Amino acid sequence: MPDTCDQATLRFGVPLIICAPSGTGKTTLVQRLRQEFPNFAYSVSCTTRAPRGQEVDGKDYHFLSVEEFLRRRDAGAFAEWANVHGNYYGTPLGPVLDTLKAGRDLLFDIDVQGAAQLHLSLPRGVYVFLLPPSMSELERRLRGRGTDEEASIARRLANADAEIRQAHWFDAWIVNDDLDAAYDHLRAVYLAATLNPAHRPALALSILEG
Ligand code: ADP
Ligand code: 5GP
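Residues numbered from 1 in each chain as written. Chains lettered and ligands numbered in written order. Predicted model: local features only at pLDDT ≥ 70, side-chain atom pairs only at ≥ 80, totals over all residues. Heavy atoms only, no water.

Attention now moves to the pattern of salt bridges. For side chains bearing opposite charge, pairing can occur when the charged atoms are close. All told, the structure shown has 13 salt bridges when counted by the stated rule. For Asp 109, the salt bridge identified is with Lys 26, shortest N-O distance 2.7 Å. With Asp 109 in strand 7 (residues 106-109) and Lys 26 in helix 1 (residues 26-36), this residue pair connects regions lying 83 residues apart in the sequence. Residue classification places Lys 26 among the buried positions, given a relative accessible area of 14%. For the salt bridge of Arg 165 with Asp 161, the shortest nitrogen-to-oxygen distance reads 2.7 Å. Of this pair, Arg 165 and Asp 161 are both found in helix 6 (residues 150-165), four residues apart, which corresponds to roughly one turn of the helix. In this structure Arg 165 comes out as exposed when scored by relative accessible area, which is 63%. Looking at Asp 161, the relative accessible area reads 34%, which means it is partly exposed. One connected set of salt bridges, linked through shared partners, spans Glu 68, Arg 71 and Arg 72. (Salt bridge = Lys/Arg side-chain N within 4 Å of Asp/Glu carboxyl O. Helix = DSSP H or I, 4+ residues; strand = E, 2+ residues; numbered from the N terminus. Buried < 20%, exposed > 50% of the residue type's maximum accessible area, 1.4 Å probe, protein only.)

Structure below.
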């Protein structure tokens, strides 16, 4: 993926990719992050799954038919895509490039396979993997949430095992045991990334040259 830069601010947006096994607390932590940093842009994915509850087309997801998803995939419209729990999901490439080029930080909520693909084309992103404190606590949270049936809980736990085994390459592991502590760590990883010279390539020279 080509790096692009806003000439006015000479700042690339920071791509922040957050992955977690279902039930770990990703939604809870991401909500907090977006509340504290309202300027974060959010990468709205395409999916072939049906809308749930209050989900809004174009805001939570772009809901597509399988035919339309595959057409866009084959036309190269996705930065990454994956089949998750039997449905297709993909990150539209155009908005990612436009947002980063405008110097705006961008949050991705994608699965581990998608993150691994994105890492190849967007290596300067910050890749965070959230871990549950234990598998028994993960099971407790999935049950406590009250949104999943027994078969779905068993499938999510099996997927969690596989995802955690694939998570060795991430930039940061954050254990979501105490919520406030996990949030402090997530915030710290994000703020540290905003200071990375890769996101502000012209800063030092602009200071030297006045
Ligand atoms: P995910 O988006 O990863 O599937 P959620 O944010 O929906 O997970 O959280 C799953 C459940 O666990 C929710 O009921 C949430 O309130 C609860 N939860 C999240 N973080 C913690 C935590 N640190 N300690 C206890 N419960 C938590
Ligand atoms: P849900 O259907 O519960 O919203 O999401 C199911 C899973 O799909 C979650 O792990 C979520 O992170 C992942 N997901 C959402 N959008 C994308 C995407 O664009 N690409 C990939 N690879 N995974 C996604």
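A few words on helix 6. One full turn of an α-helix is made of 3.6 residues, so residues set three or four places apart face in the same direction. A rise of 1.5 Å per residue sets the reference length of helix 6, with its 16 residues, at 22 Å; its end C-alpha atoms lie 23 Å apart and thus fit the reference within 8%. Here helix 6 has its buried residues at Ser 152, Ile 153, Arg 156, Leu 157, Ala 160 and Glu 163. Taken end-on, helix 6 shows its buried residues confined to a sector of 135 degrees, consistent with a single buried face. Looking at helix 6, the residues exposed on the side facing more than 90 degrees away from the buried face are Glu 150, Ala 151 and Arg 165. The inward-facing, buried residues of helix 6 contact helix 4 (112-121), strand 8 (126-131) and helix 5 (135-145). (Expected span 1.5 Å × (residues − 1). Arc of directions from axis to C-beta. Contact = heavy atoms within 4.5 Å.)

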